[in-house]
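Examination of the molecular architecture
Residues per chain are reported as follows:
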Amino acid sequence: MNIILIGAPGAGKGTQARLLEEKYGMVQLSTGDMLRTAVKLGTPLGVEAKSIMEAGKLVPDALMVNLIKERIAQRDCAKGFILDGFPRTVPQAEALDAMLAEQGKTLDKIIELKVDEAALIERVSGRFTCEKCGMGYHDTFKKPKVEGVCDACGSTSFKRRADDNAETMKARLQAFNEQTAPILPYYAKKGMLVSIDGMADMDTVTEAIERILAG
Ligand code: ADP
Ligand code: AMP
């Protein structure tokens, strides 16, 4: 099954994608993670993306489309994939349709996680991840079972994202509202969009997604 999770920054896309990946063997394709890796490695894409990401703006469509086109063509994606953070503009959604058609693939479900702005800000400001395995946590909503130790891999190193601050978050929310939200009617018109309450706790959101995938 190939699905898209759509939602504002902090809506819970990565959290849910990771759970689905474990449970259903699908591959999580997070364009944000791919870009952060490129920045860390200092690749040409990373060099171009760094200041854009720090400003909370969107990386140009052409770069993102190339990145995801190559990734989707890789063999592991035949098991099914979860797009997390892509598409983020209508031109990206159109390019996705074209590349899937070219590769003989289709989308099965497009799921929107709806979360209000105050909760998004609270979620990103408390977000941190394990440096080693990438497991996601939150200062209030999902603390490691043993303080300072990753539940998944036992590492004691954690990191916070440079763009998870109040000022950058303002720009990221603006980018979502102005550039990403228009993809919702794009998919709704095709009858492919299902919206769920992303304000619920993590397990309840997972159950709602699983009901959609089963339906
Ligand atoms: P996104 O990938 O959409 O930006 P994340 O999955 O990283 O969002 O979630 C943002 C933060 O909110 C993380 O710290 C995560 O632990 C927490 N979180 C995710 N889903 C929920 C939820 N349903 N309720 C409360 N906190 C959540
Ligand atoms: P995310 O991890 O999804 O919150 O993405 C972090 C940042 O990476 C965003 O604020 C953008 O600057 C950039 N980014 C990620 N995915 C895309 C995309 N599909 N199009 C444009 N920019 C993106």
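A brief look at the structure comes next.

Here Ala-55 is to be found in the loop between α3 (44-54) and α4 (61-72). For Ala-55, a relative accessible area of 35% gives the class partly exposed. As a C-alpha pair, Ala-55 and Arg-172 span 117 residues in sequence and 8.2 Å in three-dimensional space.

Structurally, Ser-30 is set in strand β2 (residues 27-30). Ser-30 sits in the buried class, given a relative accessible area of 7%. In this structure the side chain of Ser-30 is engaged in a polar contact, spanning 2.9 Å, whose partner is the backbone nitrogen of Asp-33. Setting aside anything within four residues of it in sequence, one finds Ser-30 in contact with Arg-36 and Asp-84.

Let us look at the environment of Leu-107. Looking at the secondary structure, you find Leu-107 in the loop between α5 (90-102) and β4 (109-114). Residue classification places Leu-107 among the buried residues on the basis of a relative accessible area of 13%. Taking the C-alpha atoms as reference points, Leu-107 and Phe-81, separated by 26 residues in sequence, lie 9.4 Å from one another. When near neighbours in sequence (up to four residues on either side) are disregarded, Leu-107 contacts Asn-2, Ile-4, Phe-81, Leu-96, Leu-100, Tyr-187 and Met-192.

As a further point, take the nonpolar core. By size, the foremost hydrophobic cluster in this structure holds 32 residues, and its most contacted members are Leu-29, Leu-96 and Tyr-187. Discounting chain neighbours no more than four positions away, the residues touching Tyr-187 are Ile-4, Ile-6, Pro-87, Ala-93, Leu-96, Leu-107, Ile-110, Met-192 and Leu-193. Counting residues in each nonpolar core, the second largest holds 23 residues, with Ala-17, Leu-113, Ile-196 and Ala-208 among its members.

Moving on to the pairing of strand β3 (residues 81-84). Alternating residues of β3 divide into Phe-81 and Leu-83 and Ile-82 and Asp-84, and every residue in both groups is buried. Two strands pair when backbone bridges link them, and strand β1 (residues 3-6) and β3 are joined in this way by 3 bridges, in the parallel orientation. Paired with Ile-4 across the bridge in β3 is Leu-83. Bridge count for β2 against β3 is 4 bridges, and the pairing is parallel. Among the inter-strand pairings, Leu-29 is bridged to a residue of β3, identified as Leu-83.

Near ligand 2, the surroundings consist of 16 residues, among which Thr-31, Arg-36, Lys-57, Gly-85 and Gln-92 are the closest. Contact distances for ligand 2 include 2.8 Å between a nitrogen atom and a side-chain N or O atom of Thr-31. Here the shell around ligand 2 gets 4 residues from one element, more than from any other, and that element is helix α2 (residues 31-41). Grouping the constituent residues of the shell around ligand 2 by class yields 6 nonpolar, 4 polar and 6 charged.

Bringing the sheet that holds β1 into the picture now. In spatial order, the strands read β2-β3-β1-β4-β8; together these 5 strands make up an open sheet with parallel pairing. Of all strands in the sheet, those bounded by a partner on one side alone are β2 and β8 (193-197). Direction aside, neighbouring strands of the sheet carry axes that sit 25 degrees apart on average. Note: β1 against β4, 4 bridges, orientation parallel. Looking at the pairing, Leu-5 lines up with Ile-111 of β4.

Cut-off values and rules
- Residues numbered from 1 in each chain as written.
- Chains lettered and ligands numbered in written order.
- Predicted model: local features only at pLDDT ≥ 70, side-chain atom pairs only at ≥ 80, totals over all residues.
- Heavy atoms only, no water.
- Helix = DSSP H or I, 4+ residues; strand = E, 2+ residues; numbered from the N terminus.
- Buried < 20%, exposed > 50% of the residue type's maximum accessible area, 1.4 Å probe, protein only.
- Polar contact = N/O pair within 3.5 Å; in protein donor to acceptor, adjacent residues only side chain to side chain.
- Contact = heavy atoms within 4.5 Å.
- Core = buried A, V, L, I, M, F, W, Y, C linked by side-chain atoms within 4.5 Å.
- Pairing = 2+ DSSP bridges.
- Near = heavy atom within 4 Å.
- Nonpolar A, V, L, I, M, F, W, Y, C, P; charged D, E, K, R; others polar.
- Axes fitted to C-alpha atoms, helices over the stretch in contact; angles between N-to-C directions.

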